[in-house]
Amino acid sequence: MKLKDLLRIIRANAILVTLAAVFGGLATVGASLLVPSTYTAQSDLFVSVRTTGDPMQMQSASTFIQERMQTYVRMVDDRAVLEPVIEDLNLTVTPEELGERVTASSETGTVLISIEASADSADSAAKLSNAVSKSLVTAIERLETTADGQRGSLRLVVANPAVPPQSADGLGWWMSGILGLLLGFALGVGVSILLSVLDTRLRSKEDIEELTQVPILAAIPSDSDLRGGPLDVRKDPFSIAGESFRRLRTNLQFARIDDSNRALLVTSAQAGEGKTTTSINLAIAMAQKGQKVALVDVDLRSPAVAERLGLENAMGLTSALLGEADGADRLQPWGLDELYVLTAGDRPPNPTEILDSRAMARVLARLLDEFDSVVLDAPPTLPVADSLVIGRQVGRIVVVVGLGELRDRDLTETLKSLDVVGVPVSLVLNKVSPSTTQTAGYYTSYADTARPPIIDETIHPSMAGQGLSAAAEAETASLDTQPIQTVVTDTFGMAAASESSHQQHCNVGVGETSRFRSVASSDDFSRSELAGAPPQRGANETREKSGKHSRRQLLARERKQP
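This one's a predicted model, so the numbers in the text were calculated from it and none came from an experiment.

Draft legend 1. Here's a closer look at a nonpolar patch on the surface. A contiguous nonpolar surface patch, about 960 Å² in accessible area, is contributed by Leu33, Leu171, Trp173, Trp174, Met175, Ile178, Leu179, Leu182 and Leu183. Counting residues per element, the nonpolar patch draws most heavily on helix α7 (residues 173–198), at 7 residues. Residue position: Leu182 is located in helix α7. With relative accessibility at 54%, the residue Leu182 sits in the exposed group.

Structure, rendered in C-alpha cells:
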C-alpha cells in the first residue's frame, strides 16, 4: 500500500479515526485517575565473606557468594522472612498476600540484592522495603549460624536503605492520555484499513483505472446545486462544476471524431449516480457552444428530465412512438441556446419493447437529421435492459460512475453488458470530491481574476444611459429608426456576429413534417411555435417594438461606434 493510498483511507474514515483517538485518550486518562496509585521503594543488601586476604581464599569466597546469591533472592517471600515483617509493621495481610508486593533480584556479576516493595503510599513502601531487608538479614544469619553458636563467614548488611519515592508508579495522567491518543489513532487506522479492504465500492479514479481500461472523459465534482436542477453556467460561468462539464464536452468531441452516429446515450450501472444531471448539463454545454442539441428522455420507467427543467411531460416520446403525435411536435425549447427537449411522456406498460421498435429508430433518425447532437438520458443498465436495447442505435455510450456508491463488481458487470452492444463506451466520474478534482485549485484562483458575465436582461430606454457612454445613449434613442438587427453573442456576452433580422421564417402549419424555423437568436424560439401556433416575431424584434433593448444589443452597438 502506497502512502497516498493510506492517506486517502484515513481521510475517507476521518470521523472513525478521530473518534478512536479521542476515545483512547479519554479512556487512558480516566483509568489513570480512577485506579489507585501505588508506590515502589527499593533497598539494597551487600553480601560479603570474611577472608584473611589470601588471593586463593578470596577467589573461593567470590565463587561461594555467587552460589548463595540466588538462594538468598528466593528466600524473600518465605514465611520465615515475611511473618516478622507483618508483626513489626502491624499489617493485616497474610504472608502470601505480602509476598505479592515484595520482589528481590540480583544482577549477575554483582554482590547486591535489591528488594522492592509496593504500597499505597510512599512512606509505607519505604518502611516495607527496609523491614523486609532487615528480616532477610536476620533469617540468613540464623541459617548461617552453626549449632554451637559459631557464626558463618558470610555477612549481609543494608547498603542502601529505601527512601519514600517522589512519584507514583506508572505514567502521569497526561502521559497516559497521549499514549492512549496514539493507541486509539493506530487502532482507528487499522480498522479503517480493514474496512477499506472489505469495502468494494469505487472511491477514486485509481480504483477504476485498476479495474478497467475504458477511458475516463471527465470528473464532475460533488455540488449540491446540481441535484435540484440544471447548472446555470450563465449565472456562475467560472464554477468548477461548469468547467467540468465544458471539459467533458471538449473531451467527448475528441473522442467522437470517428463516430458517424451523433447520438449519445448517457446511462449508469445503478440509479442515483447522477446520469440525468450529467445528460442535462452536457446538453446545455453543447448548446452553449453553438450546436443544435436535442435532449431526449428515454427513461420511460422513471423520467426526471421534465421535472428538472420545469417542462411539460404530458405528451412526449411515448406519444410519438405510439403514433399519437409527431416527435417534432413534442420538442420543447429550453434556455437561450438551441437546446430542445423531448420529454418521456406517459409511462408505458412495455418500455423495453417500445424502445426496441421501428418507431424509435425513425424518431431517432429524424432527430439526427435535424440536430447536430442528440443526447439520450437512459435508464440504469443493471436493473433493466432498456439501455442495452437503445444502445445499439447510438454512436457512443457514456457511463456515469458515482464515486463512493458503485461497487467494483457492478461496474464490471455493466461494462460486460455494454460490450455486447458493440458501441464505444466512455466513463464519467461523478460526485468527486472538489479537492481531488484536477486543476480545481488553479481554476478557482484563475476564475477570481476573470471578468464577470454580462447577464442578458431587459432595459427600458429611460434607464439605458446608466452605466453606458454618451454614444450608447444616443444610439439607444435612435434604435426605433434603424434597421432591426440581432446580435449573436457567446456565453459570456461577447458579440460574435451581426446579421439582419429580416430572415425568411418557415411558416409551417399544424400537421406538417418540419417544426423548426431559421432564427437569428435562441430567444426567438417559443413553445407556441413548436406546438403549431402561427409564428411570432423574435424576442429581439419584440424588444425593439416595445421600446426595450437587451444589454447585449446596447453594448454591441457601442462597440460599433467609430
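Draft legend 2. Here's a closer look at helix α4 (residues 79–89). By the burial criterion, the buried members of α4 are Val81, Leu82, Val85 and Ile86. On an axial view of α4, the arc spanned by its buried residues comes to 125°, and they lie on one face. Projecting away from the buried face of α4 at angles above 90 degrees are the exposed residues Glu87 and Asp88. For α4, the secondary structure elements touched by its buried residues are α5 (95–99) and α6 (122–144). Of the residues flanking the end of α4, it is Asn90, one or two places downstream, whose phi is positive at about 55°.

Draft legend 3. The arrangement of the packing of helix α1 (residues 3–12) against α7 in detail. Two elements in contact, α1 and α7, have axes separated by 9 Å at closest approach and are oriented at 100°. By the angle between their axes, α1 is roughly perpendicular relative to α7. Between α1, through Leu6, Ile9 and Ile10, and α7, the contact on the second element is made entirely by Val189, Ser192, Ile193 and Ser196.

Draft legend 4. Here's a closer look at the sheet that holds strand β3 (residues 112–119). With antiparallel pairing, 4 strands are arranged side by side in an open sheet as β2-β3-β1-β4. The strands lining the two open edges of the sheet, one partner per strand, are β2 (102–105) and β4 (154–160). For this sheet, the mean angle separating the axes of adjacent strands, direction not counted, is 25°. With 4 bridges joining them, β2 and β3 adopt antiparallel strand pairing. Opposite Ala104, over in β3, you have Ile115 as the bridge partner. Running over the sheet, α6 touches β1 (39–49), β2, β3 and β4 and is turned about 25° from β1.

Draft legend 5. Examining the nonpolar core more closely. Ranked by size, the top nonpolar core spans 44 residues in total, and within it Val298, Leu317, Val374, Leu376 and Val401 carry the most contacts. The greatest single-element share of this core, amounting to 6 residues, is contributed by helix α15 (residues 358–370). In this structure, Val374 is in contact with Arg262, Ala263, Leu264, Ala294, Val296, Leu364, Leu367 and Leu368, ignoring residues within four places of it in sequence. The next biggest cluster of nonpolar side chains, apart from the first, holds 27 residues, and it includes Ile65, Met75, Leu128 and Leu154.

Draft legend 6. Layout of the packing of aromatic side chains. Enumeration according to the criterion identifies 1 aromatic pair in this entry. Summarising the aromatic geometry, the rings of Tyr340 and Phe371 are spaced 5.6 Å apart at their centres and angled 65° between planes, so their arrangement reads as edge-to-face. With a gap of 31 residues between them, Tyr340 in strand β9 (residues 339–342) and Phe371 in the loop between α15 and β10 (373–377) connect regions that are remote in the sequence. Assessed through its relative accessible area of 0%, Tyr340 is described here as buried. The side chain of Lys292 reaches across the aromatic face of Phe371, ending 5.5 Å from its centre.

How each quantity is defined
Residues numbered from 1 in each chain as written. Predicted model: local features only at pLDDT ≥ 70, side-chain atom pairs only at ≥ 80, totals over all residues. Heavy atoms only, no water. Patch = residues over 30% accessible without salt bridge, like charges linked within 9 Å, V, L, I, M, F, W, Y side chains within 5 Å. Areas by Shrake-Rupley, 256 points an atom, 1.4 Å probe, with all protein chains shown as cover. Salt bridge = Lys/Arg side-chain N within 4 Å of Asp/Glu carboxyl O. Helix = DSSP H or I, 4+ residues; strand = E, 2+ residues; numbered from the N terminus. Buried < 20%, exposed > 50% of the residue type's maximum accessible area, 1.4 Å probe, protein only. Arc of directions from axis to C-beta. Contact = heavy atoms within 4.5 Å. Axes fitted to C-alpha atoms, helices over the stretch in contact; angles between N-to-C directions. Parallel < 35°, antiparallel > 145°, perpendicular 65-115°, else oblique. Pairing = 2+ DSSP bridges. Core = buried A, V, L, I, M, F, W, Y, C linked by side-chain atoms within 4.5 Å. Phe/Tyr/Trp six-rings, centres within 6.5 Å; stacked < 30°, edge-to-face > 60°. Lys NZ or Arg CZ within 6 Å of the ring centre and 35° of its normal.

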